[in-house]
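Fold and contact review
Spelled out, the chains give:
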Amino acid sequence: MSPRISPEQVRHVAKLARLSITDAEASQLAEELGVILEHAEDVAALDLSDIEPTAHPIHLTNVLRDDAPKPSLDRDEVLAAAPATEDRRFRVPRIMGETQ
Amino acid sequence: MTTYETVIGLEVHVELSTRTKLFCGCANEFGAEPNTHVCPVCLGLPGSLPVLNRTVVEFALLLGVALNFDVPPSSIFHRKNYFYPDMPKDFQVSQFDEPICVDGWIDVAGERIGIERAHMEEDTGKTTHMGGGGRIHDADYSLVDYNRAGIPLLEIVSRPDMGSAEQARGYVSELRAILATIGISDVKMEEGSMRVDANVSLRANSTDALGTKVEIKNMNSLRSLGRAIDSEIERQSVMLDSEEVIIQETRHWDEVAGVTHGMRSKEGSSDYRYFPEPDLVPVAPTDEMRKVARESVPELPASKRERLISDWGIGPSDARILVDDRALCTYAEAAVAAGGSGKDVTNWCTGEILGYLNEQGSTPEALILRPEGLAELVALLADDTLSRSLAKDVLEECLATPVMPREVVERRGLAQMNDEGELAALVDEVLGRNEDAIAQWKAGDEKARKKKRGFLMGELMKTSGSKGNPKVLNQLLDERLGD
Amino acid sequence: MTGAMTAVETAAAVRSGDRSARSVVEEALAAISEREEELHACNTVLADAAIARADAIDAAVAHGEDPGPLAGVPIALKDNLCVQGELTTCSSKILEGWRPPYTATVVERLLAAGAIPIAKTNLDEFAMGSSTENSAFGPTRNPHDKARVPGGSSGGSAAAVSAGYVPLALGSDTGGSIRQPAAFCGVVGVKPTYGRVSRYGLIAFASSLDQIGPFATTVDDAALLMETIWGPDQMDSTSIPSRPDPIGAGSDVSGLRIGIIEELTDVEGIAPEVRASVERAASGLEGSGAHVERVSIPSCAYGLSAYYLIAPAEASSNLARYDGVRYGLRVDGADVAEMNAKTRAAGFGAEVKRRIMLGTYALSAGYYDAYYGQAQKVRTLIIRDFAQAYERFDVLLSPTAPTEAFKLGAKTADPLAMYMSDVCTIPTNLAGHAAMSVPFGTGVEGLPIGVQVLAPALGESVMFTVARAVEALR
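In this text, all values refer to a predicted model and were calculated from it rather than measured experimentally. (Residues numbered from 1 in each chain as written. Chains lettered and ligands numbered in written order. Predicted model: local features only at pLDDT ≥ 70, side-chain atom pairs only at ≥ 80, totals over all residues. Heavy atoms only, no water.)

**Here's the deal with the overall build of chain A**
The helix and strand tally for chain A stands at three helices and three strands. Its helices and strands in sequence order give chain A the pattern α-α-β-α-β-β, from N to C terminus. Compactness check: chain A gives a C-alpha radius of gyration of 22 Å against a globular reference of 13 Å for 100 residues, more than 25% above the reference. In terms of overall dimensions, chain A has a C-alpha envelope of 55 × 45 × 25 Å along the principal axes. Counting across all 100 residues of chain A, residues that qualify as buried make up 41%. Of all intrachain contacts in chain A linking residues separated by at least 6 positions in sequence, the fraction that spans at least 24 positions is 41%. Approximately 5200 Å² of chain A is accessible, and the part contributed by carbon and sulfur atoms is 48%. (Helix = DSSP H or I, 4+ residues; strand = E, 2+ residues; numbered from the N terminus. Rg over C-alpha atoms; globule rule 2.2 N^0.38 Å. Buried < 20%, exposed > 50% of the residue type's maximum accessible area, 1.4 Å probe, protein only. Contact = heavy atoms within 4.5 Å. Areas by Shrake-Rupley, 256 points an atom, 1.4 Å probe, with all protein chains shown as cover.)

**Examining the packing of helix α5 (residues 301-312) of chain B against helix α6 (residues 316-324) of chain B**
When two helices pack together, you describe them by how their axes are tilted relative to each other and by the distance separating the axes. Residue and element names in this part refer to chain B. For the pair α5 and α6, the least separation of the axes is 9 Å and the interaxial angle reads 130°. Relative to α6, α5 is oriented oblique. Between α5 and α6 the crossing geometry is right-handed. Residues P301, K304, R305, L308, I309 and W312 of α5 touch α6, and the partners they reach there are P316, A319, R320, L322, V323 and D324. Of the residues belonging to the contact of α5 with α6, the class tally is eight nonpolar, no polar and four charged. (Axes fitted to C-alpha atoms, helices over the stretch in contact; angles between N-to-C directions. Parallel < 35°, antiparallel > 145°, perpendicular 65-115°, else oblique. Left-handed = near helix turned anticlockwise from the far one by under 90°. Nonpolar A, V, L, I, M, F, W, Y, C, P; charged D, E, K, R; others polar.)

**A few points about the packing of helix α1 (residues 7-16) of chain A against helix α12 (residues 350-363) of chain C**
The contact between α1 of chain A and α12 of chain C brings their axes to 9 Å, and the two run at 95°. With respect to α12 of chain C, the axis of α1 of chain A lies roughly perpendicular. Packed against α1 of chain A, whose contacting residues are Q9, V10, V13, A14 and L16 of chain A, the element α12 of chain C presents M357, T360 and Y361 of chain C at the interface. Across the contact of α1 of chain A with α12 of chain C, the residue classes tally to six nonpolar, two polar and no charged.

**Let's talk about the environment of M189 of chain B**
Residue and element names in this part refer to chain B. Turning to its location among the elements, M189 is positioned in the loop between α2 (165-182) and β10 (194-204). Residue M189 is classed as buried on the basis of its relative accessible area, which comes to 2%. For M189, the contacting residues outside a window of four places in its chain are V172, R176, M194, V196, M219, N220, S221 and L222.

**Some words on the interface of chain C and chain B**
Contacts between chain C and chain B engage 40 residues on the former and 31 residues on the latter. Carbon and sulfur atoms supply 59% of the area buried between chain C and chain B, which totals about 2700 Å² over both sides. On the chain C side of the contact with chain B, S237, R321 and R326 of chain C bury the most area, a combined 23% of that side's loss. If you look at where chain C meets chain B, you find two salt bridges. Taking the shortest distance from any N to any O, the salt bridge between D90 of chain B and R326 of chain C comes out at 3.7 Å. (Buried area = accessible area lost by both parts, 1.4 Å probe. Salt bridge = Lys/Arg side-chain N within 4 Å of Asp/Glu carboxyl O.)

**A look at helix α3 (residues 222-241) of chain B**
Residue and element names in this part refer to chain B. Taking 1.5 Å as the rise per residue, α3 with 20 residues should run 28 Å; its terminal C-alpha atoms sit 29 Å apart, in good agreement. Taken residue by residue, α3 has L222, S224, L225, G226, A228, I229, S231, E232, I233, Q236, S237 and M239 as its buried positions. Against the buried residues of α3 lie β1 (4-15), α2, β10, β11 (214-219), β12 (250-254) and β13 (259-262). (Expected span 1.5 Å × (residues − 1).)

**Overview of the pattern of salt bridges**
Applying the stated rule across the entire model yields 64 salt bridges over all chains. R112 of chain B is the partner of D107 of chain B in a salt bridge, and the nearest nitrogen-oxygen pair spans 2.9 Å. Here R112 of chain B falls in the partly exposed class, since its relative accessible area comes to 49%. Taken together, the shared-partner salt bridges in this structure form one network comprising R75, D87, R88 and R89 of chain A together with E33 of chain B.

**Observations regarding the sheet that holds β12 of chain B**
Each strand in a sheet pairs with its neighbour through backbone hydrogen bonds, running either in the same direction (parallel) or in the opposite one (antiparallel). All names here are of chain B. With mixed pairing, the eight strands of this open sheet are ordered in space as β5-β6-β9-β1-β10-β11-β12-β13. With partners counted over all chains shown, the strands left at the sheet margins are β5 (101-108) and β13, one partner each. For this sheet the average axis-to-axis angle between neighbouring strands, irrespective of direction, equals 30°. By the bridge criterion, five bridges tie β1 to strand β9 (residues 152-158) in an arrangement that is antiparallel. Among the inter-strand pairings, V14 is bridged to a residue of β9, identified as L154. (Pairing = 2+ DSSP bridges.)

**Notes on the interface of chain A and chain C**
If you look at the interface, chain A gives 52 residues, while chain C gives 63 residues. Summed over both partners, the interface of chain A with chain C buries about 4900 Å², with 70% contributed by carbon and sulfur atoms. Counting across the interface, chain A meets chain C through one salt bridge. Between R354 of chain C and E32 of chain A there is a salt bridge whose closest N-O contact spans 3.0 Å. Taken together, the links from chain A to chain C amount to 17 residue pairs in polar contact (both at pLDDT 80 or more). Considering every element that reaches the side of chain A that touches chain C, the biggest residue donor is helix α2 (residues 23-44) of chain A, with 13 residues. (Polar contact = N/O pair within 3.5 Å; in protein donor to acceptor, adjacent residues only side chain to side chain.)

**What about the confidence of the model for chain A?**
Mean pLDDT over chain A stands at 91; residues scoring 70 or higher make up 93%. Of all secondary-structure elements in chain A, the lowest mean pLDDT belongs to α2 of chain A, at 92, while strand β1 (residues 64-65) of chain A reaches the highest, 98. (pLDDT = per-residue confidence, 0-100.)

**Quick look at the pairing of β13 of chain B**
For β12 of chain B and β13 of chain B, the ladder comprises four bridges, and the chain directions are antiparallel. Among the inter-strand pairings, W253 of chain B is bridged to a residue of β13 of chain B, identified as T260 of chain B.

**Observations regarding the sheet that holds strand β8 (residues 141-145) of chain B**
Read from one edge to the other, the open sheet built from four strands follows the order β2(A)-β3(A)-β8(B)-β7(B), with strand pairing classed as antiparallel. Across the chains shown, the open sheet's two edge strands, defined by having one partner strand only, are β2 (85-86) of chain A together with β7 (126-130) of chain B. Strand direction decides the pairing type here: β7 of chain B and β8 of chain B, joined by five bridges, are antiparallel. Within the sheet, the bridge partner assigned to H129 of chain B lies in β8 of chain B and is S142 of chain B.

**Here we look at the domain arrangement of chain B**
Here chain B is described as being made up of domain 1 (4-291), domain 2 (299-411) and domain 3 (420-481). Centre-to-centre, using C-alpha coordinates, domain 2 of chain B lies 34 Å away from domain 3 of chain B. (Domains from an automatic or database assignment.)

**Considerations on the environment of L46 of chain A**
Looking at the secondary structure, you find L46 of chain A in the loop between α2 and β1. The contact partners of L46 of chain A, leaving out residues within four places of it in the chain, are Y302, Q374 and V378 of chain C.

Here it is in structure tokens:
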């Protein structure tokens, strides 16, 4: 069985998914994901070029709500659930990536 | 040295002035106490689900009409996946390849600017960077307020159809006027309810190849948009001249320094893993919804300007000032409806009244002088009851106290003296006690004559208590001096 | 044990004043304390709140009020359903200690009907698994054999009903997570039509597949619970807007056309006893006047592969929010990205990480079309094939799971083998249809086997009719 995904790819995907992984985990995941993807080959190999994808099993449209205000949550309760807060806000370590 | 052609495309984010957020019933309100307009949905709490605000769809359809968009039979939401602490779900619900509006355009100064698309999406929360002078990368840590998270946005993406900072400003200015007219946003660049990002690239005039696209962000006024684009054009031309390679990146406009700064490239590149949002169903505008939108769009700025120019006989620049300022225009139109001439009303509105509003930081709705009062003032000027300088006096009082111009004129006895007999007697009296001046006028050279004549005119106005009709007095003085 | 009384009987007794809700709840709590140590079906027991509610219901009855169709009936809730102020963990360390500030729609409806939530039950972390061994708080054991798994992911709810803690429980079913544990534990388990039951307050695994449904000891009890929780909800955009018709009490299958799905029954991997149970149920139904035939639904063969691309893809996005910022676990880091990554590495278990990785990969640039996009097309094929089958048949039959309950640890080292135990249940989720598992027969080890009754979208009524007929054959 040849792994379809390399440890390098695993590390890239882990970065996208914000999961810190060790090198050992990267190798193990590469192998496990390889097995699963190998199994998914039956699907990947099908010729479905003239089939429309289904994103959702039911076909509803225009499910809309009225623009009417509802009560918000109690701020103290909301902030009490957070790991760190300061000055009525959620506190996070410094941000190195750019604003999107 | 090579000359370059500039290619500019703009992405404009507009916060919609709905009562509630895009997917929940939390209030859409600027400037509230941090984290008070939050609920399970807009905080992305586990188990919560979005439900689309009907008004947002209606606003998007209004925009569709106003910007000449096609509105396809169906549009869907996608998830744009990336991690950022101001985004409660760590994905943004947005539209991707099936937006609500496609293929629009507007005319700006006679040129047609294509608009690729407009789509609905949710805003992010607001991050405050603490320590390190408030700059993101130097900060010690950041604080997040989610009141803004989930506020409805429309993102309007132009085609790369603009060739100068001036044209880009014109486009944004026209867009702002249209959005204000259809009433879907308060379009304040300074408060962030209208945010403009510019994609700027340069290409040598001799080639067809598109240059490298650089995105600039953080312009919070029309003026800074223009400056930022010009600065970026300059930066790129210098680089191209010296054969440096321009990298595709996002740059931040620094208003104080007047330059753009490259931002640290984000890790992992932009693989947003878009996929259809399974918690929402497609938006398929019905014929009825489309009809309501068509019938709800009021007169748009371009046709309004043309109408004012032809009906009121005003110039294009006055028309633009009026139409860009909806409240002022409404005020002027009410004054004209009350009987004022369009041209005179416009002169006062774009002159003294606008000056007063700017000085006071006030708005036309708050003026003590109602449009009927302005119409009356204009009429008093037109029938020679008031001179222009008297009219300014009267206006000043009417802007400060709730009183109609005619009342001021009557109470202060300000009506202009127009009676020729009365004025002739006044001239005789003043000339009678200024024989020296007349003699000097007769003997003097042209310069001296002019000076003495001015002196005599001043005496006449003074004696009349500034009420003498200056036109008639001038005429009489000329006759008496035999000039 | 309350197992002696069904929910229908208990509610009737409490409503009429023949039994106090307090005594019902105390009996349930006693049953829990008797076996919970060996089974570990519950993450949290809501003893005080349950007793307070029972007393309120008794007081209402004493005042001549009707507390509702589920008056005094204790119910267990899978621990991925939000209950305001109560621990809701998804059996994950990342949510340990979190108490939601709001309550799921289904739970609101239970409370309004007089039901008494008595426990939050164990599950595979974030409902990802088929054995309840992926719980951060330790596995649940099968009440029929402690050495075996109860199935998953709603193993705690299935075990709680099977062990007689409660007559009713709620689970969630994304690829079989209600039906497969129902089969393993010998109880009835229902996966309703997608959109029939509001998902508001159900912590999402894969949004286009997840559906909440009942566990019960009888088909009638399952129908009673179903009718309590289903129907439109304005908080869920994917909720079907029409009011459902009552399920009815019928069990007459004469004239019904019933198809046995070849691809899920007659294939390698299905234990002979399991196939025999389906055959026996089918011939019993035939004996009751139904027409039974084999039917082929070819695309069912691709269900498992499509599911293991679609579900992880949606999960990778749904689980992004567990980032250490607003609630739950945080592990500090030098910057926010490092904090996120360390928090998620420490907070998620191996299976959840595996699926997040798989889903992220399936959606990432260059792979979307080959994996996620292709899986969505398979979904179209499956819906098309089922539609053709339902032109000829009113309901379909198949095994619920390929085997009876397996031993703890038997499949933990082999993810794909574990995934295979959902092969019979997955196609229903992809199609958005209804299906339920009814206990019928036993395997070589003497453990329960479930027969799966499948119906088209909104076909709950005929599905329950056939399920009742199967139940009567026992």
